[in-house]
Amino acid sequence: MRAVATTTLIKGARSTRSTIALKLLMAASGIVFILFVLAHMYGNLKAFSGEMAYNEYAEHLRTFGEPMLPYGGLLWILRIVLLGSLVAHVGSAVALSIRAHAQRPVKYAVKKNKASSLSSRTMRWGGVALLLFVVWHLLQFTIVKVNVGEGGQTPQITENPYQLLINAFQPEQWWMVLIYLASMLALAFHLHHGTFSAIQTLGFTNTAESRARARVAGWVVAIVVAGGFSLVPLFTVFGVIS
Amino acid sequence: MKLTLKIWRQANASDKGALKTYELDGVSQDMSFLEMLDLLNEQLLHNDEEPVAFDSDCREGICGMCSLMINGEAHGPEVTTTCQLHMRSFKDGDTITIEPWRAASFPIVKDLIVDRSAFDRIIQNGGYISANTGSAPEANSVPAPRDKAMRAFNTATCIGCGACVAACPNGSASLFLGAKITHLGELPQGQPERYSRVQSMLAQHDHEGFGGCTNIGECASACPKEIPLDVISQLNKDLRNSMILG
Ligand code: HEM
Ligand code: SF4
Ligand code: FES
C-alpha cells in the first residue's frame, strides 16, 4: 500500500489489504452511523410529546432489555459499536486521504470540476467538522451535561433530559441554535454523497438505473435526517416546545 | 485565429518545470489540437527554441497515446481524444492552458509526456484470459448472452489513455481498472480467473500508488470512450465476492 512508482509485479495479492477493503470498511461503518442517526432523530422527536413522554423514552432506553441486560446495558453496547465504527471510519478516511495527496504532489494550474457535486468534494473537511460537532455534542448532553441556559448546573436541570434540552435552545442562546443548524447542514452534505457512495462501494449500482436510485437515496437520507434533527432546536427557540 | 498558449515546460524528470507563455498566430479552425501544437513547434524550431514534447501516435482516436490537460479538462472541452479535438472548439483570442497528466504514478518524462507504463503493469498482473495453445476452439461453441457481450464490448473500448486518473482528485485508476474487470468478467472465457484477476490487478493498482475511489465521478465525465461509472461498482462487487469466494 505504499505510494511509489515501481516496475515490479505484485505476487500473492491480498484483497483485505486493498484500497477497496478500506472503502468497504468506510461504507459499513457509515451505514452503522446512518442507522444510528435515524434512530436518534426519531427519539429526539419525542420532545414534541412533552416532558413526560421524552423523559420516559430516555429512561426506557436505559431499562431496555432488563433483566437480560444490566441498567443502561443497551446504551453501552451501542456506544462500543459506535466508537468502533468511528475508529474504522476515520482511520480509513485518513489513510485514503494521505494516499490521494501523495498521488498528486503537483496541483493543476487550471482544473475544472465537471461531474462531482459540492457534497462529494467536501467529504473530508465536512467529516472533520462533524467530528468536532460530535465531541461538543457529547460534552454538552452526555459526559459533562453543560447547561448554557438559566439555572446553571443544578440537578433539576442536569438530571432532567428534557430540561437540559429546552435550556440549550432558548432565544438568549440563539448562537447554540446556529451551531446545531450549521452542523446539520454539514451532516446533510456528508450524507448526500456518503449514502450514494456507500451503495456504490458495496457494488449495488451496476446499471444506470440503480445508480440513479442510489442518488435519490442520498437526497432522501440527507433531507430526512438533517431536517428531522433541525426541527427540535427550531421549535424550541420559537417557543413551540417549552 | 490568434491564441495565447500557456504550456508546461519541463526539461526532464528531475527538472522543476514551469508554465511558459507563447503567442501563436495563423491557427485554422480545421486544425486538430495536435496540428496546432505542430504549428507551434515549427515556429519554435524556426526561432532556434526547443520544441514542446507531447505524445501522439494514431491521431485517429483509437490508440490512447495522446493526453493533455486542456484548460483544466482532460482531452479538452469535447468528449473525445486530444487528437480528435479540433480548433473550432476554441475562439480567436483564447488563452489555453496545457498541462501534463498529474499523477505520481505517471511520472513526467519531458514537457507534456508522462510515463503510463503503470497501466501496462496492471494489465500484466492478471488483465487477460489465459488460453492454452493448440488449435483454436470453434468460436460459436461458447455462447455469450447478448447483454453481457454488449457490456463487454462497450467496456473493451477503453484505450488506456489515463484521462480518468488525470481528472480524478484522488488520482485513482478505478475507471480504467473497472473497465478491464467488467470487459473480461462479462465473458464466459473470463470466469475461471475472475476472482484472482480482480485481486491481483487491484493489488498492482494499489502498489503503483494510485489513490482510492471516492465515487466522485470526474473520471467518467473525462473519459473519451464514455466508460460509465457503473464499472467501478462492478469492480467493487467482484472484489467483495472474491473475499468470500476467491
Ligand atoms: C454522523 C457521522 C457520520 C456519518 C453518518 C457518516 C457517513 C458516511 C458514509 C455513509 C460514507 C460513505 C462510505 C463510502 O464512500 O462508501 C462516508 C464517507 C466518508 N466519511 Fe463519513 N460519516 C460520518 C462521520 C464522519 C467523520 C467524523 C469523518 C471524518 C473525520 C468522516 C469522513 C468521511 C470521509 C472522508 C468519507 C469518504 C468520502 C467519499 O467516499 O467520498 N465521516 N461517511
Ligand atoms: S477508462 Fe476512459 S479515461 Fe480511463 S483509461 Fe480507459 S479510455 Fe481512458
Ligand atoms: S493519438 Fe491515438 S488516440 Fe490520440
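Quick caveat: nothing in here was measured; it's all calculated off a predicted structure. (Residues numbered from 1 in each chain as written. Chains lettered and ligands numbered in written order. Predicted model: local features only at pLDDT ≥ 70, side-chain atom pairs only at ≥ 80, totals over all residues. Heavy atoms only, no water.)

**As for the pairing of strand 1 (residues 3–9) of chain B**
Residue and element names in this part refer to chain B. Under the convention used in this document: The classification of residues rests on relative accessible area computed with a 1.4 Å probe and restricted to protein chains. Under 20% of the type maximum is buried, over 50% is exposed, and intermediate values are partly exposed. The secondary structure listing takes helices from DSSP runs of H or I that are at least 4 residues long and strands from runs of E that are at least 2 residues long, numbered from the N terminus. Only when DSSP finds a minimum of two bridges between them are two strands counted as paired.
Burial analysis of strand 1 places six of its seven residues in the buried class, the great majority of the element. Both strand 1 and strand 2 (residues 18–24) contribute to a ladder of seven bridges, which runs antiparallel. When the sheet's bridge partners are listed, Arg9 is paired in strand 2 with Ala18.

**Some words on the site of ligand 2**
Stated formally: It suffices for a single heavy atom of a residue to lie within 4 Å of a molecule or strand for the residue to be listed as near it.
Neighbouring residues of ligand 2: 13 residues in total, closest Cys158, Cys161, Gly162, Cys164 and Cys223 of chain B. Of all the secondary structure elements, the ones that give two or more residues to the shell around ligand 2 are helix 4 (163–167) and helix 5 (174–185) of chain B.

**Remarks on the interface of chain B and chain A**
Frequently, the measure chosen for interface size is the accessible area removed from exposure when the parts meet. What counts is decided by this rule: Residues are treated as being in contact if the distance between any of their heavy atoms lies within 4.5 Å. Two parts placed together each lose some accessible area under a 1.4 Å probe, and the buried area is that loss summed for both. The working definition used for a salt bridge is a side-chain nitrogen of Lys or Arg within 4 Å of a carboxyl oxygen of Asp or Glu.
Contact residues are listed per partner, giving 56 residues for chain B and 54 residues for chain A. Both faces considered, chain B and chain A share a buried interface measuring about 4600 Å² in area, 50% of it formed by carbon and sulfur atoms. Contact with chain A buries area across many residues of chain B, yet Arg102, His207 and Asn215 of chain B alone supply 14% of it, more than any other trio. If you look at where chain B meets chain A, you find three salt bridges. Note that Glu73 of chain B and Lys112 of chain A form a salt bridge whose closest N and O atoms lie 3.5 Å from each other.

**Points about the confidence of the model for chain B**
Operational definition: pLDDT measures how confident the predictor is about each residue, on a scale from 0 to 100.
Confidence along chain B averages 96 in pLDDT terms, with 100% of residues attaining 70 or more. For this predicted complex, the interface score ipTM comes out at 0.93, alongside a pTM of 0.93.

**Thoughts on the coordination of the iron atom of ligand 1**
All names here are of chain A. Operational definition: Each metal site lists N, O and S donors within 2.8 Å (3.2 Å for Na, K and Ca). With water left out of the atoms, a site can look as if it is missing ligands. Metal sites are grouped by the angles between bound donors: all angles between 85 and 135 degrees with four donors is tetrahedral, opposite donors over 155 degrees apart with the others between 65 and 115 is square planar for four donors and octahedral for six, and any other pattern is irregular.
For the iron atom of ligand 1, the full set of protein donor atoms is His89 (NE2) and His190 (NE2), at a range of 2.1 Å. Bound by six donor atoms, the iron atom of ligand 1 shows angles of 84 to 180° at the metal and therefore octahedral coordination geometry. Here His89 is found in helix 3 (residues 73–103), whereas its partner His190 is found in helix 8 (residues 174–201), with 101 residues between them in sequence.

**Focus on helix 2 (residues 117–124) of chain B**
Think of an α-helix as 3.6 residues a turn; residues three or four steps apart then line up on the same face. Residue and element names in this part refer to chain B. Let me state the cut-off plainly: The arc in question is traced by the directions running from the helix axis to the C-beta atoms.
All of the buried residues in helix 2 are Ala118, Phe119, Arg121 and Ile122. Down the axis of helix 2, the sector holding all buried residues measures 160°, keeping them to one side. Once helix 2 finishes, Gly126 follows within two positions and takes phi at roughly 115°, a positive value.

**Thoughts on helix 6 (residues 194–208) of chain B**
Residues and elements named next belong to chain B. Here is the rule we go by: To estimate how far a helix should reach, multiply one less than its number of residues by 1.5 Å.
Helix length check: helix 6 (15 residues) gives 21 Å between terminal C-alpha atoms against 21 Å at 1.5 Å per residue, within 8%. Most of helix 6 is tucked away: 13 of the 15 residues are buried. Positioned one or two residues after helix 6, Gly209 has a phi angle of 105°, which is positive.

**Some details on a nonpolar patch on the surface**
Residue and element names in this part refer to chain A. Worth spelling out the cut-off: Candidate patch residues must exceed 30% relative accessible area and have no salt bridge, after which like charges are joined if within 9 Å and Val, Leu, Ile, Met, Phe, Trp or Tyr side chains if within 5 Å. Accessibility throughout is a Shrake-Rupley quantity obtained with a 1.4 Å probe, and a residue counts as covered only by protein chains that appear here.
Together, Ile31, Leu35, Leu38, Val216, Val220 and Val224 give the surface a local cluster of nonpolar side chains, amounting to about 480 Å² of exposed area. One can find Val220 in helix 9 (residues 208–237). What makes Val220 partly exposed here is its relative accessible area of 46%.

**A short note on the pattern of salt bridges**
Residue and element names in this part refer to chain B. The tally for this structure, following the rule as stated, stands at 18 salt bridges over all chains. For Lys20, the salt bridge goes to Glu49, with nearest N and O atoms at 3.9 Å. Highlighted residues: Lys20 in strand 2 and Glu49 in the loop between helix 1 (33–46) and strand 3 (69–70), separated in sequence by 29 residues. The class for Glu49 is partly exposed, based on a relative accessible area of 32%.

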